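# Coordinate analysis (summary)
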Amino acid sequence: MPENAVERKTDRVPGFREILPVFLRNFLPAVVLILLAAGIIGHLELDRQKAELRKLEFLHVGLASGVLDRQVARPLRHLQSLSLQEWAVQEALDQEGKGRSLETLKEHFWSVLAHNPEYAQIRWIGTDGKERLRLNQADGSNIWVTPDDRLQDKSARYYVQAALKLAKGAIYISPLDLNIDDGRVVVPYEPMIRLATPIFRKDGKPLGIFVLNVNAQSMLRLFTHSAAGGNVVLLNQEGYWLKSPRSEEEWGFMLGNEETFGRKFPREWQLISSSDEGEAETGNGLWTWKTVRVAGELKGNINPVTWKAVSNISSETLTRLYLKVWLLTGGVATILLAVFAWAKWNVAKESLLRQMASRQIQAKNEQLAEEIDEHVATRQKLVEALDDVEQHKNNLENLVDARTRELLKAKEAAEVANVAKMQFLANMSHELRTPLHQIASLAGLLKRNSASEAHAKYLTMQEKAVARMTSVVDLILNLSAIEAGKLSVAEKPVDIGTLLQAVSARFQEEIASKGLSMELVPLASPLRCVGDPQHIQVALECYVENAVRFTESGGIKIKVELMEADQASALIRFVVEDTGIGIPPEVLPKVFDSFEQADNSSTRKYGGTGIGLAIAKKLAELMGGEAGCTSSLGAGSRFWFTVRLKVLADSC
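The following paragraphs examine the structure supplied in this document.

## Overview of the overall build of the chain
Of the regular secondary structure elements, the chain holds 16 helices and 21 strands. Considering only contacts in the chain between residues 6 or more positions apart, those separated by 24 or more positions represent 64%.

Here it is, written out as structure tokens:
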């Protein structure tokens, strides 16, 4: 009996119910520890990431708040300087704007607007609340003076009433709202903050107030830009949105919209409105806020403007963060549990296996003697089988040797037959060439001595047939010489231009008779080379003959291209392009095989032996090059071959 069969019979793998109690005793304490560690790590990671979010949002809120302070501080300084420090303005006020003094005020107002494109208006409003002088600015460049008949009564406006009650040097900062002209909100909306300060004559007589209207569009844009990456909104003291990512929430108190932040988020507004700054997490997300008291440090300011910059990370974002952390922590814990469970299961299994093995040792020892006898018998059978295999192997080797000898004899016979064939082709080519020359000579003599035009025509046809047969014989002779290894490569000067002209002249009559065109494209720069011009001409003529045979209309182009060159040699490519019938893709790989043509129908229609292209390729390879072809059925073919020629020292 085989050993593995004994193992399967005697060894038993512990079952699931046997392993499970042992596994649980070892695994459950580890589960508790791993889950506890995962929970602690998850909470720590959540706290860390939430702390980073709080830090980032507090930075966004702080940057946005700082922008508001800086943007308002500048017009405050300008207004203070205009009302308290400009002696020319004070002189004009002492004259109560009469005569030339009003022009002085206009000039100073104009200068303030011209240097500050964000200022929309600067006005002098008298103690009666009526405008005495108003300069306006639009688009940061167009400044004009409001005509006297267009000056308005602003006595009912809250900022006028408040500013008229101020002491000298104090400045009133209005809440941020939309610009109103003639009792209507200006459209498109112009967020406006108004700074007003009282003015007096030197003797203390009140003359009204200076009011500077600052277009807050730029300020709010900078506020949003400074909070880039954070969802920061700007609220006024009543909880209305002054700036929000949702434009429909803005300016509700000016447009009759009673929706406020406090109504939408009552719990959050209670926290935000009751402290200057802070952060809190509610059911609506993580909130971060900071109170902005614009110019609150300015001495004499009795009405500091208070805004709230509030940032929110939505509950959905926090939920995604929780999921990400807990999924990561849970995934790691799951992997650890799986690895630990696998290890503990194997430990429990091995423990049971050891226990079972100790019980089975005795039983296996008893079976050992019987198994030894069975193994001895099996080994004897194997020895006998190996003897049979060895004998069969020797028989196979003898058969292989005999078959190898037969194949070698067949190979030698094939080589002898091939040499005989080549010698036969060479002898036949020479035997055919001699009578063909005689036939051509006799036809020429008869043609010159013939008195009949019909006879001369027939003799001309005979000369062409003889020339064609001579060409075929030459091809066969060349092929036999190449395959017999008897064709050498000469080293003679190669005049590529003369060579092209010779090839063109040979086929000129046939090309003209078919109405085709012939184009020669020599090298761009002449090159003096040494090689075998006869072999090059034969290969090129094979290509041109093939192109003429299969082209019915259009033309043939012969191009010569310099592929590479150095001081010793040059690789020249000869290309013959035609507009003939083309070659099917399945036939293209075989066109350079000896005696191959596209199909039998082309042989019947166009003639040819199918060895010209093979000779061209073999000649190219003999001269250190290669040959190839590309073709499109019905659109013509492009045959090429390359040769490597020696370059004369003074050629370049």
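## So, the pattern of salt bridges
Counting across every chain of the model gives 25 salt bridges. With its nearest N and O atoms 2.9 Å apart, the salt bridge here joins Glu491 to Lys646. In this pair, Glu491 sits in the loop between helix H11 (453-483) and strand S15 (492-494) while Lys646 sits in strand S21 (residues 636-647), placing the two residues 155 residues apart along the sequence. With a shortest N-O distance of 2.7 Å, Glu561 and Arg573 are connected by a salt bridge. Within this pair, whereas Glu561 is found in strand S18 (residues 555-565), its partner Arg573 is found in strand S19 (residues 569-578), the two being separated by 12 residues in sequence. The exposure class assigned to Glu561 is partly exposed, which follows from its relative accessible area of 21%. For Arg573, a relative accessible area of 19% translates into the label buried. Three or more residues joined by partner-sharing salt bridges are found here, namely Lys559, Glu561, Arg573, Glu577 and Arg638.

## Notes on the environment of Val22
Relative to the elements of secondary structure, Val22 occurs in helix H2 (residues 16-85). Given a relative accessible area of 16%, Val22 falls into the buried group. Sequence separation between Val22 and Lys344 is 322 residues; the distance between their C-alpha atoms is 9.1 Å.

## Observations concerning empty space enclosed by the protein
Under the counting rule described, the total for this entry stands at 3 cavities of 30 Å³ or more. Quantified by volume, the second largest cavity comes out at close to 60 Å³. Taken together, the elements giving at least two residues each to the lining of the second largest cavity come down to strand S1 (119-125) and strand S6 (180-181).

## Some thoughts on the packing of helix H3 (residues 87-94) against helix H4 (residues 100-114)
One way to put it is that H3 packs onto H4 with a least axis distance of 8 Å and a crossing angle of 145°. You can see that H3 and H4 cross each other, and the crossing is left-handed. Residue-level inspection shows Ala88, Val89, Ala92 and Leu93 of H3 in contact with H4, the latter providing Ser101, Thr104, Leu105 and His108. Along the lines of polarity and charge, the residues of the contact of H3 with H4 split into 5 nonpolar, 3 polar and no charged.

## Considerations on the pairing of strand S10 (residues 232-235)
Side chains of S10 alternate between two faces, with Val232 and Leu234 and Val233 and Leu235 buried alike. Bridging between S10 and strand S14 (residues 305-313) involves 4 bridges; their strand directions are antiparallel. By the bridge assignment, Leu235 is partnered in S14 with Lys308. Alignment of S10 against strand S11 (residues 241-243), held across 2 bridges, turns out to be antiparallel.

## Some details on the packing of aromatic side chains
Counted by the stated rule, this structure contains 15 aromatic pairs. An angle of 55° between the planes, with centres 5.4 Å apart, marks the rings of Tyr240 and Phe253 as tilted. Of this pair, Tyr240 sits in the loop between S10 and S11 while Phe253 sits in helix H7 (residues 252-255), and the two are 13 residues apart along the sequence. On the basis of an interplanar angle of 50° and a centroid distance of 5.4 Å, the ring pair of Tyr543 and Phe639 is categorised as tilted. Placement of Tyr543 in helix H14 (residues 533-549) and of Phe639 in strand S21 is noted, with a sequence separation of 96 residues between them.

## Describing the layout of surface pockets
Taking a probe equal in size to a water molecule and rolling it over the atoms shows the remaining empty space. The calculated volume of the second largest pocket comes to roughly 560 Å³. For the second largest pocket, the lining is made up of 26 residues, of which Ala120, Gln137, Ala138, Trp144 and Glu190 are closest to its centre. Mapped by element, the contributors of at least two residues to the lining of the second largest pocket are S1, strand S2 (131-138) and helix H6 (217-226). The element that contributes the greatest number of residues to the lining of the second largest pocket is S2, accounting for 4 residues. Of the residues in the lining of the second largest pocket, the class split is 8 nonpolar, 10 polar and 8 charged.

## Re H14
Taking 1.5 Å of rise per residue, the 17 residues of H14 would be expected to cover 24 Å, and the 24 Å separating its terminal C-alpha atoms lies within 8% of that figure. The buried count for H14 comes to 14 of 17 residues, which makes it a mostly enclosed element. Residue Asp532 occupies the N-cap position of H14, its side-chain oxygen lying 3.2 Å from the main-chain nitrogen of Gln534.

## Structural notes on the side chain of Asp177
Structurally, the position occupied by Asp177 is in strand S5 (residues 177-178). By relative accessible area, which is 6% here, Asp177 ends up buried. A distance of 2.6 Å separates a polar atom in the side chain of Asp177 from a polar atom in the side chain of Arg194.

## Some points on H4
Over its 15 residues, H4 runs 21 Å from end to end, which matches the ideal 21 Å to within 8%, given 1.5 Å per residue. Ser101, Thr104, Leu105, Phe109, Val112 and Leu113 are the residues of H4 that are buried. Next to the buried residues of H4 lie H2, H3, S1, S2, strand S3 (142-145) and strand S9 (206-215).

Rules used throughout
Residues numbered from 1 in each chain as written. Predicted model: local features only at pLDDT ≥ 70, side-chain atom pairs only at ≥ 80, totals over all residues. Heavy atoms only, no water. Helix = DSSP H or I, 4+ residues; strand = E, 2+ residues; numbered from the N terminus. Contact = heavy atoms within 4.5 Å. Salt bridge = Lys/Arg side-chain N within 4 Å of Asp/Glu carboxyl O. Buried < 20%, exposed > 50% of the residue type's maximum accessible area, 1.4 Å probe, protein only. 1 Å grid on protein atoms, 1.4 Å probe; cavity = no way out; pocket = protein on both sides within 12 Å on 5 of 7 lines; lining within 4 Å. Points joined across faces, edges and corners; volume = space filled by probe spheres on them. Axes fitted to C-alpha atoms, helices over the stretch in contact; angles between N-to-C directions. Left-handed = near helix turned anticlockwise from the far one by under 90°. Nonpolar A, V, L, I, M, F, W, Y, C, P; charged D, E, K, R; others polar. Pairing = 2+ DSSP bridges. Phe/Tyr/Trp six-rings, centres within 6.5 Å; stacked < 30°, edge-to-face > 60°. Expected span 1.5 Å × (residues − 1). Polar contact = N/O pair within 3.5 Å; in protein donor to acceptor, adjacent residues only side chain to side chain.

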